[in-house]
Amino acid sequence: MTPESAPTVQQLLAFYLEAGVDCALSDQPVNRLADPDMMPAASETVPPKPVRMAAPTPIPAPRSEAAPAPEAAIQSAREAARTAPTLEALRALLENFDGCALKSTATRLVFADGNPQARIMFVGEAPGREEDLEGLPFVGRSGKLLDRMIAAIGLDRSSAYIANVIPWRPPGNRTPTPQETQICLPFIQRQIELVNPDVLVTLGNPSTQTLLSTREGIMKTRGRWFDYDTGSRVIRALATFHPAYLLRSPSYKRLAWQDLRAIAKALEQEASSS
């Protein structure tokens, strides 16, 4: 190519523009045909300008609402429960206990209902929606059935004491986790010890397995007598169906009636021997 036929700078730029080359990558020319190993690094040719960014606004750390580790919470519950000299003190301890996450999702504590001096104590698993709103155990449909059941053997809430293993409603009435149950267990154990009934009745499979230390299902345990040791006294305990289960399976009410008759008989025997 002769100098006369070489393109002018304007022609060359127009060619580049038509080819799509319309911006420069750097302020200095770069020989693209040179040995790459001999080429200076981009940082050496065009030192980047430091970008000054505004410091982010610090976000305050959220307040920790998480419950302690399960093992620590269980140990804390054991230590707290054994210090309660009365039911009122035990209730106050539960009101201030933060080791169970269920407390933060429940509306209120559901401690107990009935007569603390009663000779019989009924224990279910956990509160439901109505119980969570009222702060009393067994006040919904299953509670009304329980009232009819105990009325059939001459009892009512003035002559019985009613509680749950779990004193806070699990979200959506879900089943309490094993960890939640173990955290709450020392409190219900102390509650039973303080009430000191002659007869303990566990309502349903979870309550029965938790308190009576059995892995058998309610179909095998119902109607059977167990020894419940509080550490200072052995109490006669009987397992039967939870009223909520009887609402779903009314055909088992006949078996529940047999259990109630056994409970009434046991109360009579305790009264005659005392």
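As shown above, the structure is provided for reference.
Residues numbered from 1 in each chain as written. Predicted model: local features only at pLDDT ≥ 70, side-chain atom pairs only at ≥ 80, totals over all residues. Heavy atoms only, no water.

Observations regarding the overall build of the protein
Broken down by element type, the protein carries twelve helices and six strands. Here the protein holds 274 residues, and 38% of them are scored as buried. Put simply, of all contacts in the protein between residues at least 6 apart along the chain, 71% involve residues at least 24 apart. Carbon together with sulfur atoms contributes 54% to the accessible area of the protein, which is approximately 16800 Å² in total. (Helix = DSSP H or I, 4+ residues; strand = E, 2+ residues; numbered from the N terminus. Buried < 20%, exposed > 50% of the residue type's maximum accessible area, 1.4 Å probe, protein only. Contact = heavy atoms within 4.5 Å. Areas by Shrake-Rupley, 256 points an atom, 1.4 Å probe, with all protein chains shown as cover.)

Describing the pattern of salt bridges
Applying the stated criterion to the full structure yields ten salt bridges. For Arg91, the salt bridge goes to Glu95, with nearest N and O atoms at 4.0 Å. A residue pair is termed a helical-turn pair when its members lie 3 or 4 positions apart in one helix, as Arg91 and Glu95 do in helix α4 (residues 87–96) at four residues. Taking relative accessible area as the criterion, Glu95 reaches 39% and is therefore assigned partly exposed. If you follow the salt bridges from partner to partner, you end up with Asp113, Asp147 and Arg157 in one network. (Salt bridge = Lys/Arg side-chain N within 4 Å of Asp/Glu carboxyl O.)

Topic: the packing of aromatic side chains
Under the criterion given, the structure shown has four aromatic pairs. Geometrically, the ring pair formed by Phe241 and Tyr245 is stacked, given 5.5 Å between the ring centres and 20 degrees between the ring planes. Of the aromatic side chains, those joined through ring pairs into one cluster are Phe241, Tyr245 and Tyr252. In this structure, Arg236 is placed above the aromatic ring of Trp225, and the distance from its NZ or CZ to the ring centre is 4.3 Å. (Phe/Tyr/Trp six-rings, centres within 6.5 Å; stacked < 30°, edge-to-face > 60°. Lys NZ or Arg CZ within 6 Å of the ring centre and 35° of its normal.)

Considering the pairing of strand β2 (residues 120–124)
With five of five residues buried, β2 is to be regarded as a mostly interior element. What you see with β2 is no split at all: Ile120, Phe122 and Gly124 on one side and Met121 and Val123 on the other are buried throughout. Pairing of β2 with strand β4 (residues 199–203) involves four bridges; the strand directions are parallel. Each bridged residue has a counterpart across the sheet, and for Phe122 the counterpart in β4 is Val201. Examined bridge by bridge, β2 and strand β3 (residues 161–164) share four bridges and lie parallel to one another. Counterpart to Phe122 in the pairing with β3 is Ile162. (Pairing = 2+ DSSP bridges.)

Focus: the packing of helix α3 (residues 70–82) against helix α8 (residues 178–195)
Put simply, α3 and α8 touch, their axes get as near as 8 Å, and they point 5 degrees apart. Judged by the angle between their axes, α3 and α8 are roughly parallel. The residues of α8 that touch α3, namely those facing Pro70, Ala73, Ile74, Ala77, Arg78, Ala80, Ala81 and Arg82, are Gln179, Gln182, Ile183, Pro186, Phe187 and Arg190. Considering only residue class, the contact of α3 with α8 consists of nine nonpolar, two polar and three charged. (Axes fitted to C-alpha atoms, helices over the stretch in contact; angles between N-to-C directions. Parallel < 35°, antiparallel > 145°, perpendicular 65-115°, else oblique. Nonpolar A, V, L, I, M, F, W, Y, C, P; charged D, E, K, R; others polar.)

Thoughts on α4
Among the residues of α4, those classed as buried are Leu87, Leu90 and Leu94. An end-on view of α4 places all buried positions within 60 degrees of arc, on one side of the element. Of the exposed residues in α4, those oriented more than 90 degrees away from the buried face are Glu88 and Asn96. Against α3, α5 (102–105), β3 and α8 lie the buried residues of α4. (Arc of directions from axis to C-beta.)

Overview of the nonpolar core
Formed by 64 residues in total, the largest nonpolar core has its most connected members in Ile120, Met121, Phe122, Trp168, Ile188 and Ile263. Contacts of Ile263, omitting those with residues within four sequence positions, involve Ile120, Ile153, Val199, Val201, Trp225 and Leu238. (Core = buried A, V, L, I, M, F, W, Y, C linked by side-chain atoms within 4.5 Å.)

Section: helix α9 (residues 205–212)
Regarding α9, the residues found buried are Ser207, Thr208, Leu211 and Leu212. An end-on view of α9 places all buried positions within 100 degrees of arc, on one side of the element. Those residues of α9 that are buried lie in contact with β2, α8, β4, α10 (218–221), β5 (225–229) and β6 (234–240). Looking one or two residues past α9, Ser213 carries a phi angle of roughly 50 degrees, positive in sign.

Some remarks on the pairing of β4
Across the five residues of β4, five count as buried, placing the element largely inside the fold. Neither face of β4 is left uncovered, since the one carrying Val199, Val201 and Leu203 and the one carrying Leu200 and Thr202 both have all their residues buried. In this structure, β4 lies alongside β6, joined through five bridges in parallel fashion. Bridging across to β6, Val201 finds its partner in Leu238.

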